[in-house]
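Chain residues, written in single-letter form:
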Amino acid sequence: MAEVPHATIQEFASDVYEQCLQAPGGYLFTIQELTDMTPGKSNIEVTSKVLNELLRDRRIQAMTQGTQNVFRVVSKEMIEKVKNMNADEEMLYSYIQDAAREGIWTKTLKAKSNMHNTTMSKCLKTLENKRYIKAIQSVKYPTRKIYMLYELTPSIEVSGGPWFTDRELDHEFINELSTAMLKFIASKTIPRARAKDSTAPAATTYPPNFTGYPTLNQIYLWVKNSNLTEVDLAEADIKALLDVLVYDGKIERVVGGTAYRALRKHESVNGFTESPCGRCPVFQLCREGGPVSASNCKYFEEWLEVGL
Amino acid sequence: MSQTSASAAELCTLLVRDIYGEVSSKVVNVLLQRGRLTIGSIIQQTQLPPKSVKQTLVVLIQQHLVVHYSHMEGGNDVCYYECNWEQAYELLHAGRIIRAVEDYFGQDGALIASNFLQLGHVKVSDFLAAYGVSTKKTTKKAPNADTIAIEADAPITSVETLKEVMMNMLKARFLVEVKKEDMQPQTDVENNLRNELRKQLASGFSSELKLNNEVNAKLKIKLKEMQIGDVSETAGLKRKAAPAGGRVKKRKKVSIYDEEEEEIDYEIDEDLVLRINHDKFLVLFRNAELVALAEQRIGKVTSEVYREFLKRIEPKIFRCRDNFDEDEDDDDNDKIGVKKIKLSCLELSKHFDPEIELEGSIALPPKETKTKKKRSYDSDDEEKPRKNGKTNGKSKHDSDSEEEEEESEAEDDWDNDADMDPEAAKRKNRMKMIKQHLLLLAEDSFKFLSSEGNRGMGEWSVNYKELGKTMRAVEMEKIVEERFESTGTRLLRIIKDKGKLDEKTISNIALLKQGEVRSVLAQMQECGHLEVQEVPRANPLQVNKTFFFWYFHEERANTLLLSDIYKAMSRNIQRTNVERQKRKHLIEKSERSDVQANFEEYMTKSEKRELEIWRSREERLLVQLMRLDRLVMILRDF
């Protein structure tokens, strides 16, 4: 069979590429499908040349799915990006791309690319300046420098989930949000004191078998709709927060654990920790005749002074 | 419960010294430190003259602070003495007990109780004879059996009233008969019983093991019978020989049916030797604590309903730990020995305190939720009555008709007389409200009540065992919260809920930083609230290759805390003594009779101020001591 001229191959290649772009994003093409798309049907040789052509231009990307070889189409903008890179940059870029949302540690990058340190940092700098990649910080390894494609958001393992801001557990955010949730639950579960006739004993509870207690879903929707936060929270996150409130003894699960009810704040005042011994730092040493004893105890003195 | 910790021993010694003086406290201290001793060893250890040791022992035995038992040893009877430290601790409860009796039987009762507390145990006839005879006050120190004296500035009008009040107190089990076993150590009582049983059963068993098992099983039942038998005698419910001789005679004459009548004829048996029943008072104190807990948890009115409920079943509860088995493994025993004490709503409402305002104590559910999700939750109690489909008379009380459970026959009766007078309607409404509150109590996650069926508009019982646990947990959490703020309680509850956990998992669940979690956990361990277990991952044991699992051991944590509280109480008493010592001369001066007569004249301004300071300090320390005592009761007795 006559040799197919290179120009024709190129033509075929762009033809196939155009066809591939029609497919929904992220669609994986099998060899068979690509062969079908190639003009001059089922000519293995032509198809392979076309595929090689496409791969060389990085217009498609080879991958494996199970044991099968599959291809993914690369968008035009992507190709533009890659075109502007030199070979080193390109290699680094592809490694970073492969790491996807997990990101890749510079040390791993170096081991994989086998590049010199200075070259690599130079390349990374260029890529970063061009906004192709970005450096992120991991909750797990706060000291490591990790790179990721610019357009991606870090995965939960890296960012630590919605509760982390700047790789630190965001205390204030958690507290604020849980307080707001507590207020919401309380408003639904503790009857408001009636202002009209204050002489009557204020009703403190809803009747038994009351079913107006908010469920997880209701609380979740309320948080969603209340514009309390811009952080995207899943229902599971809200549940984690509710669990914490339960452990704090501020709310409890009712109706077989499906709904929540606010509890009244209990007094933690008790005889032990209120007496000087309950909060004494040298309690273990204290004994009659010892260096610390009831007769020379300054905490007792203080405590008795306050009472006057 | 029977073993003494060092801090408890210290506390008991201090308490005895406060009330019975130096010599008694020395004897008690030796007994607590060394365990059971013969009189010879006591004399040797205390370095006290034999005469005063003997006298002291008499006093202490009279007060039930020391128990004794005689063994045959080498052909001779040897008598051992042992300190009953729990009784010594009970000295602290004197004030509470007198107040509780006052609530029930007024001034007369309080007087009798305070005398009994001072005297330990006493024969009724002696007590009555001493009334009015003695006019001098009993000195606080060393009241012993020979010099019975009663405070005569008493408002008791006659011996008859005295007798009647005493009988009522006996009926209420505030006073109980002193038995031989009360004077002996628990172990000896048990050993005795065991030996007896062994002798009885020895012939029937070939193997030692089988015999042992049988003896143990019988022993348990016997010991229980001892309690239960004792209980029914005083309550006068069984045909067993009653403790009161007078009673036995009467009982033989009168049939069992007209119990009401024969009650009136009762008279206290003057040969009876009585003592204060501390166990019964603990039941009262526990009820009060439960009511307070319910108030905090649900609300004032509900707690008052709870108070009424507990009051109604209280006569049937004899001891705090009586109504649940120590070991749950033998279920059959459980059923024989422990019957559930139930009370129905109907019964409760019959004797319900009319002073308690129930109206408006429960809020109506907000309108929109009511219609939307009324049926989303179906519990057994709710479904059943609905199937019966009774709608008559409901519309009148539409406001909370959804909760009505008109299943029982009682409800039918109510419904039948549709044109009932307003009084009945009010009663019915009131009963419904009571039921609502009872349901609330049962529904709460603390399980103040447990439902026992639907008879008489619903029957309920109280699971004291679980509630005791809950109360202990609540107190423990309070202490942790005060020490480690909400972080501590959060971590404690997580660990309680999940079992053994490592630091990382804990911090994930608690949404706290690992470092923060670690430091709090370590401090909590130091205080004895938590335990940690090391599990090495690899064989050469290294710290960085070891899992550290945190866990909560309830019993151990409670014991440690209790011991700390005893220690704190000791310090409290010691400090009171120190403060008193500092102002010894001043206090002595102020107590002189000539100064008392001319107080303004003889005392300088600064002296008066100093006296004022001392009084307020003493009061403060005493109040604190009582609050610590409350904790001890919850952690140990309830």
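What you see is a predicted model, and the numbers here were worked out from it, not measured in a lab.

Undergrad: Would you explain the environment of P185 of chain B in this entry?
TA: Residues and elements named next belong to chain B. Its place among the elements puts P185 in the loop between β5 (175-177) and α8 (186-201). On the basis of relative accessible area, P185 is assigned to the buried category, the value being 3%. With 104 residues separating them in the primary sequence, P185 and Y81 have C-alpha atoms 8.7 Å apart. Excluding residues that lie within four positions of it along the chain, P185 makes contacts with R36, V67, H68, Y69 and E82.

Undergrad: What is the right way to look at the pattern of salt bridges in this model?
TA: A side chain of one charge can pair with a side chain of the opposite charge when the charged atoms of the two come close. Tallied over the entire structure, the rule returns 43 salt bridges over all chains. Note that E252 of chain A and R261 of chain A form a salt bridge whose closest N and O atoms lie 2.8 Å from each other. Classification of E252 of chain A by relative accessible area gives buried; the value is 8%. Ionic contacts of the salt-bridge type, sharing partners, join the residues E301 and E305 of chain A together with R575, E579, K582, R583, E610 and R617 of chain B into one network.

Undergrad: I keep staring at the packing of aromatic side chains and nothing clicks. Help me out?
TA: The relation between two aromatic rings is expressed through the spacing of the ring centres and the mutual angle of the planes. Here the structure, examined in full by the defined rule, presents 13 aromatic pairs over all chains. Ring geometry for F184 of chain A versus W222 of chain A: centroids 4.4 Å apart, planes at 10°, classification stacked. Placement of the pair is F184 of chain A in helix α9 (residues 171-189) and W222 of chain A in helix α10 (residues 216-225), with a sequence separation of 38 residues. Owing to a relative accessible area of 12%, F184 of chain A belongs among the buried residues under this scheme. Through a chain of ring-to-ring contacts, the aromatic side chains of Y104, F105, F174 and F281 of chain B assemble into a single cluster.

Undergrad: Before we go on, may I ask you to explain the packing of helix α13 (residues 298-306) of chain A against helix α27 (residues 605-637) of chain B in this structure?
TA: Pairs of packed helices are described in terms of their axes, by the angle between the two and the distance that separates them. In the contact formed by α13 of chain A and α27 of chain B, the axes pass within 10 Å of each other and the chain directions differ by 110°. Accordingly, the angle class assigned to the pair α13 of chain A and α27 of chain B is roughly perpendicular. Considering how the two elements wind past one another, α13 of chain A and α27 of chain B form a crossing that is right-handed. Here F300, E301, W303, L304 and E305 of chain A of α13 of chain A lie close against α27 of chain B, whose contacting residues are R617, R620, L621 and Q624 of chain B. For the contact of α13 of chain A with α27 of chain B, the residue count by class is 4 nonpolar, 1 polar and 4 charged.

Undergrad: For this particular structure, what's the right way to read the sheet that holds strand β1 (residues 28-30) of chain A?
TA: Sheet strands pair by backbone hydrogen bonding; their relative direction is either parallel or antiparallel. Residue and element names in this part refer to chain A. If you trace the 3 strands from one edge of the open sheet to the other, you get β1-β3-β2, paired in antiparallel fashion. Each end of this open sheet is capped by a strand with a single partner; those strands are β1 and β2 (60-65). Within the sheet, the average angular offset between the axes of one strand and its neighbour, ignoring direction, is 40°. Bridge analysis of β1 against strand β3 (residues 68-73) gives 3 bridges, and the strand direction is antiparallel. What sits directly across from T30, in β3, is V70. The strands touched by helix α3 (residues 44-56) are β2 and β3; relative to β2, the strand with the most contacts, the crossing angle is about 110°.

Undergrad: Would you take a moment to explain helix α1 (residues 6-34) of chain B for this structure?
TA: Given 3.6 residues per helical turn, the α-helix brings residues three or four places apart onto the same face. Taking 1.5 Å per residue, 29 residues should reach 42 Å; α1 of chain B reaches only 11 Å between its end C-alpha atoms and comes up short. Remark: G35 of chain B follows α1 of chain B within two positions and exhibits a positive phi of approximately 85°.

Undergrad: I keep staring at the pairing of strand β12 (residues 546-551) of chain B and nothing clicks. Help me out?
TA: Regular strands place side chains that alternate from one sheet face to the opposite one. Residues and elements named next belong to chain B. Bridge count for strand β10 (residues 501-502) against β12 is 2 bridges, and the pairing is antiparallel. Bridge assignment links D502 to a residue of β12, and that residue is F549. Bridge analysis of strand β11 (residues 531-536) against β12 gives 6 bridges, and the strand direction is antiparallel. Within β12, the residue paired with E531 across the bridge is Y551.

Undergrad: Could you clarify how one ought to interpret the confidence of the model for chain A in this entry?
TA: Predicted coordinates in areas of low pLDDT are best not read in detail. Residue and element names in this part refer to chain A. Averaged over all residues, the pLDDT of chain A equals 80, while 90% of them reach at least 70. Of all secondary-structure elements in chain A, the lowest mean pLDDT belongs to helix α8 (residues 156-159), at 69, while helix α11 (residues 235-247) reaches the highest, 88. A low-confidence stretch, residues 195-201 (pLDDT under 50), is modelled with 5 contacts involving residues beyond four sequence positions or located in other chains.

Undergrad: Could you clarify how one ought to interpret the interface of chain B and chain A in this entry?
TA: Where the parts come together, the accessible area they lose is often given as the size of the interface. Residue-level contacts link 68 residues of chain B with 59 residues of chain A. When chain B packs against chain A, close to 5,800 Å² is buried across both sides, 56% of that on carbon and sulfur atoms. Broken down residue by residue, the surface that chain B buries against chain A is led by L511, R575 and R620 of chain B, which jointly contribute 12%. For the pair chain B and chain A, the number of links is 9 salt bridges. A salt bridge links R261 of chain A to D444 of chain B, with the nearest nitrogen and oxygen atoms 3.5 Å apart. Counting every contact that joins chain B to chain A gives 21 residue pairs in polar contact (both at pLDDT 80 or more). Contributions of two or more residues to the side of chain B that touches chain A are made by α12 (278-297), α19 (422-443), α20 (464-498), α21 (503-510), α23 (554-582) and α27 of chain B. The element best represented in the side of chain B that touches chain A is α20 of chain B, accounting for 13 residues. Considering only residue class, the side of chain B that touches chain A consists of 24 nonpolar, 14 polar and 30 charged.

Undergrad: Would you mind showing me how to read the side chain of T13 of chain B here?
TA: Residues and elements named next belong to chain B. You can see T13 is positioned in helix α1. Residue T13 is classed as buried on the basis of its relative accessible area, which comes to 8%. A distance of 2.7 Å separates a polar side-chain atom of T13 from the backbone oxygen of A9.

Undergrad: Explain the sheet that holds strand β6 (residues 273-276) of chain B to me, please; I cannot follow it from the model alone.
TA: Residues and elements named next belong to chain B. As summarised here, the arrangement of the 3 strands in space is β4-β6-β5, forming an open sheet in which the pairing is antiparallel. Of all the strands in the sheet, the pair left with one neighbour each is β4 (121-123) and β5. Across this sheet, the average inter-strand angle for adjacent strands is 35°, counted without regard to direction.

The rules behind each value
Residues numbered from 1 in each chain as written. Chains lettered and ligands numbered in written order. Predicted model: local features only at pLDDT ≥ 70, side-chain atom pairs only at ≥ 80, totals over all residues. Heavy atoms only, no water. Helix = DSSP H or I, 4+ residues; strand = E, 2+ residues; numbered from the N terminus. Buried < 20%, exposed > 50% of the residue type's maximum accessible area, 1.4 Å probe, protein only. Contact = heavy atoms within 4.5 Å. Salt bridge = Lys/Arg side-chain N within 4 Å of Asp/Glu carboxyl O. Phe/Tyr/Trp six-rings, centres within 6.5 Å; stacked < 30°, edge-to-face > 60°. Axes fitted to C-alpha atoms, helices over the stretch in contact; angles between N-to-C directions. Parallel < 35°, antiparallel > 145°, perpendicular 65-115°, else oblique. Left-handed = near helix turned anticlockwise from the far one by under 90°. Nonpolar A, V, L, I, M, F, W, Y, C, P; charged D, E, K, R; others polar. Pairing = 2+ DSSP bridges. Expected span 1.5 Å × (residues − 1). pLDDT = per-residue confidence, 0-100. Buried area = accessible area lost by both parts, 1.4 Å probe. Polar contact = N/O pair within 3.5 Å; in protein donor to acceptor, adjacent residues only side chain to side chain.

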